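# Observations on the three-dimensional arrangement
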Amino acid sequence: SVSGDVGAEPKLDWKDAMSADSKDETTTLVEGTGPKLTDADTALVALTIGNGFDEKSVYSSYTNGSGLEKIDLSGADTLPVLKDNLIGAAVGSRILVSANAKDVFNGAGNSSLGIGNEDPLLFVLDVLGPFAPSGTFPATAQGTVPGVSVDADGKPTGLTFEAKKPDPK
């Protein structure tokens, strides 16, 4: 079972042996009310991975850095288990995904996390938002670049280089 609030580190309670066949199973524990993520978004997610074989949490973004992961949903290298379950998810959701390590890691496990190739895994995904750069940006460029001459439409027409003539010595 998984307890705790969205945005806070979940508590994993391993009451029974966990198994995961070759088909991922997904459950939305909390349905968020925010905007839904698209395949063009970079998701801002708090991620916890539990290993059902040894019944331990093997990764938690809550204790590994800032508490948040930026997951590029358009990236070719993004794990399908993440991409498939985040696209269409509403911000504010807590999603559980059980999967087999060999399916997640292309036939292998992940030795750096202590995951064997047949281990059943539990992913807890707290969807905290699409990642957006901070700050504001002008809608159109303003100003000029020194040394660039432009026409009335703003298209470059020439370059001016200011340099001193070399000393004849």
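In short, a report on the structure. (Residues numbered from 1 in each chain as written. Predicted model: local features only at pLDDT ≥ 70, side-chain atom pairs only at ≥ 80, totals over all residues. Heavy atoms only, no water.)

### Description of the layout of surface pockets
To keep it simple, the criterion reads: Only protein atoms enter the 1 Å grid, on which a cavity is a set of points fitting a 1.4 Å probe that cannot get out and a pocket is an open set with protein on both sides within 12 Å along at least 5 of 7 lines, lining residues being those with an atom within 4 Å of a point. Grid points are joined across faces, edges and corners, and a volume is the space filled by probe spheres set on the points. Each helix is a run of H or I in the DSSP string that is no shorter than four residues. Each strand is a run of E no shorter than two, and both are numbered from the N terminus. Residue type decides the class: Asp, Glu, Lys and Arg count as charged, Ala, Val, Leu, Ile, Met, Phe, Trp, Tyr, Cys and Pro as nonpolar, and the leftover types, Gly among them, as polar.
If you add up the space inside the largest pocket, you get close to 330 Å³. Lining the largest pocket are 16 residues, with Ser1, Trp14, Met18, Leu96 and Leu122 positioned closest to its centre. For the lining of the largest pocket, the secondary-structure elements that each account for two or more residues are β3 (25–30) and β7 (94–100). For the lining of the largest pocket, the per-class residue count stands at eight nonpolar, four polar and four charged.

### What to know about the environment of Ala90
Selection criterion: Note on contacts: a residue pair qualifies if any of its non-hydrogen atoms lie within 4.5 Å across the two residues.
Here Ala90 shows up in the loop between α1 (80–86) and β7. Separated by 53 residues in the primary sequence, Ala90 and Leu37 have C-alpha atoms spaced 6.3 Å apart. Residue contacts for Ala90: discarding those within four places in its chain leaves Glu31, Gly32, Gly34, Pro35, Lys36 and Val127.

### Re unusual backbone geometry
Applied cut-off: Three exposure classes are used, based on accessible area relative to the maximum for each residue type with a 1.4 Å probe and protein chains only: buried under 20%, partly exposed in between, and exposed over 50%.
Even without glycine at this site, Glu55 takes up a positive phi of about 55 degrees. Within the fold, Glu55 resides in the loop between β4 (42–51) and β5 (56–60). A residue is classified by how much of its surface remains accessible, and Glu55, at 34% relative accessible area, is partly exposed. With a phi angle near 55 degrees, Asn106 is a residue other than glycine that sits in the positive phi range. Summarising the element assignment, Asn106 is placed in the loop between α2 (101–104) and β8 (120–130).

### A look at the pairing of β7
Under the convention used in this document: A pair of strands is considered paired only if DSSP assigns at least 2 bridges between the two.
Burial analysis of β7 places seven of its seven residues in the buried class, which makes it a mostly covered element. Because side chains alternate across β7, one face comprises the buried residues Arg94, Leu96, Ser98 and Asn100, and the other comprises Ile95, Val97 and Ala99, equally buried. With five bridges joining them, β3 and β7 adopt antiparallel strand pairing. Among the inter-strand pairings, Val30 is bridged to a residue of β7, identified as Arg94. Note that β7 and β8 share seven bridges and pair antiparallel. What sits directly across from Ile95, in β8, is Leu125.

### Looking at the environment of Val124
Within the fold, Val124 resides in strand β8. We classify Val124 as buried; its relative accessible area is 1%. For Val124 and Thr27, which are 97 residues apart along the polypeptide, the C-alpha to C-alpha distance reads 9.8 Å. Leave out the neighbours within four places in its chain, and Val124 touches Val2, Pro10, Leu12, Ala46, Leu47, Thr48, Arg94, Ile95 and Leu96.

### Observations regarding the nonpolar core
What counts here: In these notes, a set of buried Ala, Val, Leu, Ile, Met, Phe, Trp, Tyr and Cys residues joined through side-chain atoms within 4.5 Å is what counts as a nonpolar core.
In terms of nonpolar packing, the biggest core is built from 25 residues, with Leu82, Leu86, Phe123 and Leu125 touching the most fellow members. Of all the secondary structure elements, the ones that give two or more residues to this core are β4, β5, α1, β7, α2 and β8. Those residues within four positions of Leu125 in sequence are excluded, and the remaining contacts are Val45, Ala46, Leu47, Leu82, Asn85, Leu86, Ser93, Arg94, Ile95 and Val97. Val2, Trp14, Met18 and Val124 belong to the second-largest nonpolar core, a separate cluster that totals seven residues.

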